[in-house]
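Residue-level listing of the chains:
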Amino acid sequence: MGYVPHPAMPVGTLRPNDIVLLLAIGAGFELVTRLVLIFFKRKPDSIRKREVALKALDKRVKKSRAMGPKAFVETSKLERQQLAEEKALAENAETRRKTLERYERLAKNMG
């Protein structure tokens, strides 16, 4: 890219209030974008509750397996329920990851 001539700007035309205003706007924008990204990175309470329920279900499955062959049907049902819950959590995590990536790209492009 070539040199673009421009007139010299005297230092007296730069007002300190303008500089402070631009710095405040930049700092405010940066603060808002970081807060939004923190909001999207944090797990919602509903997902945390589902993870706790999954751990409790895992304990129930282990307890049922320890009972031996007499609890095969119950163990099988619990294992299927556990697999379904793990699959739902994995899909939810993938959706959240894609959303976070999209907002990070948006913040990067805007800033």
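Computed from a prediction, not measured in an experiment: that's the story for all the values here.

About the thresholds
The written sequence of each chain sets the order in which its residues are numbered from 1. It should be noted that, the model being predicted, local features are given only for residues of pLDDT at least 70 and side-chain atom pairs only at 80 or more, the latter also being counted only at that level, while totals for whole chains, interfaces and linings use all residues. Remark: hydrogens and water are excluded; side-chain values derive from all non-hydrogen atoms of the structure. Helix numbering and strand numbering both begin at the N terminus, where a helix is a DSSP run of H or I of at least 4 residues and a strand a DSSP run of E of at least 2. Two things to know: the radius of gyration comes from C-alpha atoms, and the globule rule equals 2.2 Å times the number of residues to the power 0.38. Here, residues are in contact when the closest pair of their heavy atoms is within 4.5 Å. Patches draw on residues past 30% relative accessible area with no salt bridge. Two like charges within 9 Å are joined, as are two nonpolar side chains (Val, Leu, Ile, Met, Phe, Trp, Tyr) within 5 Å. Note on areas: these come from Shrake-Rupley sampling with a 1.4 Å probe, and a residue is covered only by the protein chains present in the view. For this document, the term salt bridge refers to a Lys or Arg side-chain nitrogen within 4 Å of an Asp or Glu carboxyl oxygen. The rule is simple: take the accessible area with a 1.4 Å probe, protein chains only, and divide by the maximum for that residue type; under 20% is buried, over 50% is exposed, in between is partly exposed. Every axis corresponds to a line fitted to the C-alpha atoms, with the helix fit spanning only the stretch in contact, and the corresponding angles, defined between N-to-C directions, vary from 0 to 180 degrees. The scheme is simple: roughly parallel for angles under 35 degrees, roughly antiparallel for over 145, roughly perpendicular for 65 to 115, oblique for anything else. For this classification, Asp, Glu, Lys and Arg are treated as charged, while Ala, Val, Leu, Ile, Met, Phe, Trp, Tyr, Cys and Pro are nonpolar and the rest, including Gly, are polar. Only Phe, Tyr and Trp rings take part, Trp by its six-membered ring, and two of them pair if their centres are within 6.5 Å. Stacked means planes under 30 degrees apart, edge-to-face means over 60, and tilted covers everything else.

Chemist: Any chance you could explain the overall build of the protein chain here in plain terms?
Modeler: The helix and strand inventory of the protein chain stands at three helices and zero strands. In the protein chain, the order of α-helices and β-strands from amino to carboxyl end is α-α-α. Taken over the C-alpha trace, the protein chain has a radius of gyration of 27 Å; the compact-globule value for 111 residues is 13 Å, which it surpasses by more than 25%. For the protein chain, the C-alpha atoms occupy an extent of roughly 90 × 30 × 15 Å along the three principal directions. Look at the contacts in the protein chain between residues 6 or more apart in sequence, and 70% of them connect residues 24 or more apart.

Chemist: Even after reading the chapter, I still don't get a nonpolar patch on the surface, so can you show me in this structure?
Modeler: A cluster of nonpolar side chains, namely Met 9, Leu 14, Ile 19 and Leu 23, defines an oily patch on the protein surface of about 440 Å² accessible area. The topology assignment puts Leu 14 in the segment before helix 1 (16–41). Residue Leu 14 is classed as partly exposed on the basis of its relative accessible area of 49%.

Chemist: Got a minute to help me understand the pattern of salt bridges in this structure?
Modeler: If charged atoms from side chains of opposite charge come close, those side chains can pair. Under the criterion given, the structure shown has 11 salt bridges. Asp 18 serves as the salt-bridge partner of Arg 15, at 3.0 Å between the closest nitrogen and oxygen. According to the relative accessible area criterion, Arg 15 is exposed, its value standing at 52%. The shortest N-O distance in the salt bridge between Arg 50 and Glu 85 comes to 2.9 Å. One end of the pair, Arg 50, is in helix 2 (residues 45–66); the other, Glu 85, is in helix 3 (residues 72–110), with 35 residues separating them in the sequence. The class for Glu 85 is partly exposed, based on a relative accessible area of 22%.

Chemist: Please clarify how the packing of helix 1 against helix 3 should be interpreted in this entry.
Modeler: The description of two packed helices rests on the angle between their axes and on the distance between the axes. Packing of helix 1 against helix 3 leaves a shortest axis separation of 10 Å and a crossing angle of 170°. Viewed along their axes, helix 1 and helix 3 adopt a mutual orientation that is roughly antiparallel. Within the contact between the two elements, helix 1 uses Phe 29, Leu 37, Phe 40 and Lys 41 and helix 3 uses Arg 96, Thr 99, Leu 100, Tyr 103, Glu 104, Ala 107 and Met 110. Classifying every residue of the contact of helix 1 with helix 3 gives seven nonpolar, one polar and three charged.

Chemist: Help me out: how do you make sense of the side chain of Thr 75 in this one?
Modeler: Here Thr 75 shows up in helix 3. Among residues more than four places away in sequence, those in contact with Thr 75 are Ser 64 and Arg 65.

Chemist: Whenever I open this one, the environment of Arg 34 confuses me. Can you help?
Modeler: Residue placement: Arg 34 occurs in helix 1. Arg 34 sits in the exposed class, given a relative accessible area of 52%. Here the alpha-carbon distance between Arg 34 and Glu 104, two residues 70 residues apart in the chain, equals 9.5 Å.

Chemist: How should I be thinking about the packing of aromatic side chains in this particular structure?
Modeler: Two descriptors summarise a pair of aromatic rings, namely the distance from one centre to the other and the angle between the planes of the rings. Considering all chains together, one arrives at two aromatic pairs under this definition. Measuring from centroid to centroid gives 5.4 Å for Phe 39 and Phe 40, while their planes differ by 75°, and the two rings are edge-to-face. On the basis of relative accessibility, which here comes to 59%, the residue Phe 39 falls in the exposed class. Residue classification places Phe 40 among the partly exposed positions, given a relative accessible area of 23%. Measuring from centroid to centroid gives 4.2 Å for Phe 40 and Tyr 103, while their planes differ by 15°, and the two rings are stacked. With Phe 40 in helix 1 and Tyr 103 in helix 3, this residue pair connects regions lying 63 residues apart in the sequence. Among the residues examined, Tyr 103 registers a relative accessible area of 27% and is labelled partly exposed.

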